[in-house]
Amino acid sequence: MQQVFKRPVSLKDVQTHFCPGCHHGTIHRLVAEALDEYGVQQRTIGVASVGCSVFLYGYFDIDVVEAPHGRAAAVATGVKRARPDSFVFTYQGDGDLAAIGTAEIIHAANRGEDICVIFVNNTTYGMTGGQMAPTTLVGQKTSTSPYGRNQSKDGAPIRMAELLAQLKGVAFSARVAVNSPKNLMDAKKQIKKAFRYQVEGKGFSFIEALSACPTNWGMNPLQANERVGSEMTDYFKLGVFKNVENL
Amino acid sequence: MARIEIEEARCKGCGLCTIACSRQLLVLSERINYQGYTPAQITDQEKCTGCALCAEICPDLAIVVFR
Ligand SMILES: Cc1ncc(C[n+]2csc(CCOP(=O)(O)OP(=O)(O)O)c2C)c(N)n1
Ligand code: SF4
């Protein structure tokens, strides 16, 4: 018998601090598998954000820079321009990328920086206790929307993958989920495609990964996983919104 | 012939493997591991096909699969 499932070498053999059923761990692994696939571990510089994924440097066996809240895409721009031979990706939550970091992501994308962005959308600010994010669904109760998100007051949830796909500088944009084996296999494929853009020097790529946050949704892990596949994918449709080179 | 090994100390008892297993072979045990969670266990190793879906969905890389 052979071992058919192994930890990717780009991921350290340590336990994570993520809550039970949190999809951050799965998304970390898929990113590490893609780094392995292209053999770029030694020249990769990850840019971590502020949020539950702040310990990127502790989990990935790569070099990592910690960006101030929301600024990962701007920091990644600097890293890639200073070291064009490196493989650069950011890993950001929705509070980080779609709220405080909106300006940075839009302009990095619009400039078509040769970087990859992994955007983890769990419809809330996980690390700080579940406040409303720009991605919180209408009606969703959070600690700052105790009666549910009100569209007339708070606006409708932002669909980042579609929004960025409209920018000329963006080469690839897709939304994936990891809640079921089927979605997970597709997520692997799309992350690899996104990374291929940078490996071949073909421009800015964006992956929005839907993610469960059982703790702040007030659900058990299975209920939260189920919510990703129902309520969340109803509004945040999975798919590829741009693929300029047809990779 | 296939076999899985669950690293109990790593398992957070989220139960995602129990819904991913194509043959419903995984359940959460009643034991409590050192993290305070009830780790997953396989009910019938003989029936495992080694498809590795449990390992794929596990957010904590707590399952290794041999085939
Ligand atoms: C400048 C600044 N403002 C606010 C904070 C507090 N803060 C820490 S994490 C966070 C939000 C994280 O949410 P998200 O990006 O969705 O990531 P998640 O934790 O859900 O993975 C905030 C507002 C901070 N650290 N720095
Ligand atoms: S608070 Fe939410 S996002 Fe943060 S580790 Fe827990 S489940 Fe994951």
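Structure shown above.
Criteria and thresholds
Residues numbered from 1 in each chain as written. Chains lettered and ligands numbered in written order. Predicted model: local features only at pLDDT ≥ 70, side-chain atom pairs only at ≥ 80, totals over all residues. Heavy atoms only, no water. Helix = DSSP H or I, 4+ residues; strand = E, 2+ residues; numbered from the N terminus. Rg over C-alpha atoms; globule rule 2.2 N^0.38 Å. 1 Å grid on protein atoms, 1.4 Å probe; cavity = no way out; pocket = protein on both sides within 12 Å on 5 of 7 lines; lining within 4 Å. Points joined across faces, edges and corners; volume = space filled by probe spheres on them. Nonpolar A, V, L, I, M, F, W, Y, C, P; charged D, E, K, R; others polar. Contact = heavy atoms within 4.5 Å. Axes fitted to C-alpha atoms, helices over the stretch in contact; angles between N-to-C directions. Pairing = 2+ DSSP bridges.

*Asks:* I'd love a proper account of the overall build of chain B, names of residues and values included.
*Replies:* A count of helical and extended segments in chain B gives two helices and four strands. In sequence order, the secondary structure elements of chain B are arranged as β-α-β-β-α-β. Relative to its length of 67 residues, chain B is compact, with a C-alpha radius of gyration of 11 Å against a globular reference of 11 Å. Across its three principal axes, chain B shows a C-alpha extent of roughly 30 × 20 × 20 Å.

*Asks:* Now, about the layout of surface pockets: what can you tell me, with residues and values included?
*Replies:* Residues and elements named next belong to chain A. Estimated volume of the largest pocket: approximately 370 Å³. Together, 25 residues line the largest pocket, and Gly51, Cys52, Tyr125, Gly126 and Met127 are the ones closest to its centre. Of the residues contributing to the lining of the largest pocket, the split by class is ten nonpolar, 13 polar and two charged.

*Asks:* Would you mind going over the environment of A:Val40 in detail, with residue names and values included?
*Replies:* All names here are of chain A. When you line up the elements, Val40 lands in the loop between helix H1 (24–38) and strand S2 (44–48). Residues Val40 and Val199, spaced 159 residues apart in sequence, show a C-alpha to C-alpha distance of 8.5 Å. Apart from residues lying up to four places away in sequence, Val40 is in contact with Leu35, Phe87 and Val199.

*Asks:* Provide a residue-level description of the packing of helix H3 (residues 72–82) of chain A against helix H5 (residues 102–111) of chain A, including the pertinent values.
*Replies:* Residue and element names in this part refer to chain A. Contact geometry for H3 and H5: axes closest at 8 Å, N-to-C directions at 35°. Together, Ala73, Ala74, Thr77 and Arg81 of H3 and Glu104, Ile105, Ala108 and Arg111 of H5 make up the contact between the two elements. By residue class, the composition of the contact of H3 with H5 is four nonpolar, one polar and three charged.

*Asks:* Please provide a residue-by-residue account of the sheet that holds strand S3 (residues 63–66) of chain A, values included.
*Replies:* Residues and elements named next belong to chain A. Taking strand neighbours across the sheet as the criterion, the seven strands line up as S3-S2-S4-S5-S7-S6-S8 in an open arrangement whose pairing is mixed. Edge positions in the open sheet fall to S3 and strand S8 (239–243), since each of these has one partner strand only. Going across the sheet, the axis of each strand differs from the next one's by a mean of 15°, ignoring polarity. Here strand S5 (residues 116–121) runs beside strand S7 (residues 204–210); their pairing, made up of six bridges, is parallel. The residue of S7 that forms the bridge with Cys116 is Ser205. The sheet contacts of H3 involve S2, S3 and strand S4 (87–93), and relative to S4 the element is tilted by about 175°.

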